[in-house]
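Next come the chains, spelled out residue by residue.
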Amino acid sequence: MKLKTETVGTISRVFLHLLGRTWRISRTRPVTGIKGNSVLFALWHGGQLPMMITHGNMGITILISKSKDGSIVSAVCESMGFKSIRGSSSRGGVSAARELITALKAGESAVITPDGPKGPPHQVKKGISLIPRRANVSVVPYGVSAFPSIRLNSWDRFLIPLPFAKLVISEGRPVPPEHCNAEILTAAIGSENYRAELLTNPLAFVTLFVVKTAAYLLSPVAELVLLFRPKKERSQRRGCIQPNSNRPVWLHGSSLGELKGLLPVITQLKNNKLPIFVTCSTPAAWWFLQKENIPGAYQPIDTPWAVNRFLDRLQPRGLILAETEFWPILLHETVSRGITAGMVNARVSEKSTRRYMLIKPFFSGVLNCFRGILTRSQEDTNRFFELGVSTEVAGDGKVAVNPNQPEAHWIKKINQDSKGILIAGSTREGEEQVVLEIARQSGYTPVLVPRHENRIKEVLSIARQNGFEPDLWTDNPTGSTCLVVDVKGVLSSLYGLADIAFVGGTLAPIGGHNILEALAFKIPVIVGPNHEHFTDVVQKAISEDICRVFETSAQGVLCLNELISLDGANRYKGNNSEFFLEKMKNLLKKMEIVV
């Protein structure tokens, strides 16, 4: 029997050696790795074959089960220059773990397949994390994929790269022993495996080629648009930021609202004394960063040269996205570099889901490389699932942000002799007309806050056409009967002066803006029918009698009067901020950026 096993081992070694010489091997490693130290490689069962070639003759110890098949595997591995320790969770596991810990403490490196020997696949078994903790060694998450290849019809889908296949080996940033647990290791190994698969997926490659070609063709248009932007914005959009040596956590939220949803994350990172760098896409968001003295810049345009220049200078240790910021080149370059990524407040609409279905291999390939994605609602989670992406519900980060109270002198600007104050926030074209009609019919003083500053003159004109004498916020009026806010950054606090609020983008076919900023002051809210981006929050507020949906100005007046009479604000409890904070902290742990 021993002779037979040795013969099989020799034949297998020769076969693997010849097969391996035909592979086109590509390795991706993290920015910060471990050199010259003992480590514990961890990969999913089924991906062992390529490792025999890429890490052979290095004296690495490998843990192999005591089964009959394990004897053959052990012989093959030893013939390839590995050392073997026999044992598994189902047989001889305790003694094998002790032997492995001893080898690691002696300075040797080792390999484990923490979902073996019988699965369930791609789930680290409980107790495995004790090995790196007892040995005080870091775990290197290891992913592998190949094209073309064969996947056997076994529980572990054993991978056999075909001759002349493109083979990608993906090694992630080492997980310190004190951070090792089943959840963190599952996320780490899984993201590296998905990263290897993304880099070998031909459909994802074709999609990226098309996107990069389109970016190249459209770059003259982008440069022309940048000519009309401020000098600093032009530079930052091209990826020209100051080189960064402290490897910050990079956070991105496109608009001011998305940035505010990231504030609990920023606070947590600052509490852990981790450097941060925040990017955004709108002037209002950029000015917010300057006002709050938060290091940041405009997001680079989604071209390979701008994105790579930005990443080369920033050298981030991790990326945290907010909501729906899917920029294909930026995200592909980020995950292909091995930068750990996560997402909070994630949402995807039905319309976007249909659009992303057209590039599903690329979309799911990139987002599955994330260590975790926290959605705002079960509906968002279901849509991500349709796209082949695993997520978990955590709610909206805005619930964990305490609103800034309005400044005392603001109230003097608004007429106090009416029935109340109606603040219309983030209004879009066509919405001010309806709001003004509601205000006039109900006897409320309208305060209009257009979403875009370039519409201020238009809004003033609409107010005059409706019989109002509007004043501008910056003119500092006293007792205005119709106030138009022409500055950024005050809306979230301004809601604190309202008796009732209208949240824009819901009468116009936009999909709605978040009503949580208004609800934070427990004031009733009316919205139009187009609120699909925030359906879960709207429905919850409706159930607690603090929100109503309307289509016409007459319906709006009825909804306003009903909400005021119900006084539902006193009953509104909102979402569970503690639940979001706990989920967010777990995500940061899986990303290994909480120390």
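Figured I'd write up the structure that's included with this text. (Residues numbered from 1 in each chain as written. Predicted model: local features only at pLDDT ≥ 70, side-chain atom pairs only at ≥ 80, totals over all residues. Heavy atoms only, no water.)

Re the sheet that holds strand E18 (residues 483-484)
The strand order across the open sheet built from seven strands is E17-E18-E16-E15-E19-E20-E21, with neighbouring strands paired in parallel fashion. Each edge of the sheet is formed by a strand with only one pairing partner; in this case those strands are strand E17 (471-472) and strand E21 (547-549). When strand E15 (residues 420-427) meets strand E19 (residues 500-503), the two strands line up parallel, connected through four bridges. Paired with Leu 422 across the two strands is Ile 500, which belongs to E19. Along the sheet, helix H16 (residues 431-442) makes contact with E15, strand E16 (444-450), E19 and strand E20 (525-527), crossing E16 at roughly 165°. (Pairing = 2+ DSSP bridges. Helix = DSSP H or I, 4+ residues; strand = E, 2+ residues; numbered from the N terminus. Contact = heavy atoms within 4.5 Å. Axes fitted to C-alpha atoms, helices over the stretch in contact; angles between N-to-C directions.)

A word on the pairing of strand E7 (residues 159-171)
Two faces make up the sheet, and in a regular strand the side chains alternate between them. Sheet topology note: the strand E1 (residues 24-28)/E7 ladder contains five bridges and is parallel. Bridge pairing in E7 links Arg 24 to Lys 166. Both strand E6 (residues 138-151) and E7 contribute to a ladder of nine bridges, which runs antiparallel. Of the residues in E7, the one forming a bridge with Gly 143 is Ser 170.

Some remarks on the pairing of strand E13 (residues 372-375)
Of the two faces of E13, the one lined by Gly 372 and Leu 374 and the one lined by Ile 373 and Thr 375 are each fully buried. The pairing of strand E12 (residues 340-346) with E13 spans three bridges and is parallel. In the sheet register, Met 343 faces E13, and the bridge partner there is Ile 373. Inspection of the sheet shows E13 paired to strand E14 (residues 392-393) by two bridges, in the parallel sense. Pairing of Thr 375 across the sheet is with Val 393, part of E14. (Buried < 20%, exposed > 50% of the residue type's maximum accessible area, 1.4 Å probe, protein only.)

Thoughts on helix H11 (residues 304-314)
Those residues of H11 that fall on the buried side of the exposure criterion are Pro 304, Ala 306, Val 307, Phe 310, Leu 311 and Leu 314. For H11, the elements touching its buried residues are helix H7 (202-226), helix H8 (231-237), strand E8 (249-252), strand E9 (276-280) and helix H12 (328-336).

Topic: the nonpolar core
Of all hydrophobic cores here, the largest spans 35 residues; its most connected members are Phe 326, Leu 331, Phe 363, Val 366, Leu 367 and Phe 370. Those elements giving two or more residues to this core turn out to be H7, H11, strand E11 (318-322), H12, E12 and helix H14 (360-367). Look past the residues within four positions of Val 366 in its chain and what remains in contact with it is Leu 198, Phe 326, Leu 331 and Val 335. (Core = buried A, V, L, I, M, F, W, Y, C linked by side-chain atoms within 4.5 Å.)

Let's talk about a nonpolar patch on the surface
On the surface, Tyr 216, Leu 217, Leu 218, Val 221, Val 225 and Trp 305 cluster together into a nonpolar patch covering about 650 Å² of accessible area. Sort the elements by how many residues they give to the nonpolar patch and H7 lands first, with five residues. Among the structural elements, Trp 305 can be located in helix H11. (Patch = residues over 30% accessible without salt bridge, like charges linked within 9 Å, V, L, I, M, F, W, Y side chains within 5 Å. Areas by Shrake-Rupley, 256 points an atom, 1.4 Å probe, with all protein chains shown as cover. Salt bridge = Lys/Arg side-chain N within 4 Å of Asp/Glu carboxyl O.)

Focus on the pattern of salt bridges
Pairs can form between side chains of opposite charge whenever their charged atoms are close. One pass over the structure, following the stated rule, counts 22 salt bridges. Notably, a salt bridge pairs Arg 237 with Glu 233, separated by 3.3 Å at the nearest N-O pair. You can see Arg 237 and its partner Glu 233 sitting in helix H8, four residues apart, about one turn around the helix. With respect to burial, Arg 237 and Glu 233 carry one shared label: buried. A salt bridge links Arg 455 to Glu 432, with the nearest nitrogen and oxygen atoms 2.8 Å apart. Pair noted here: Arg 455 is in the loop between E16 and helix H17 (456-465) and Glu 432 is in helix H16, with a separation of 23 residues, a long-range link. No difference in accessibility class separates Arg 455 from Glu 432, as the two residues are buried. Here the salt bridges share partners, and the residues they tie into one network are Glu 183, Glu 392, Lys 583 and Lys 590.

Some words on unusual backbone geometry
For the bond from Phe 147 to Pro 148, the omega torsion is -5°, close enough to zero to count as cis. Looking at the secondary structure, you find Pro 148 in strand E6. A positive phi angle, close to 65°, is found at Phe 164, a residue other than glycine. Mapped onto the fold, Phe 164 is located in strand E7. The exposure class of Phe 164 is exposed, given its relative accessible area of 60%. A positive phi angle, near 55°, is found at Ser 426, a position not held by glycine. Tracing the chain through its elements places Ser 426 in strand E15. What makes Ser 426 buried here is its relative accessible area of 11%.

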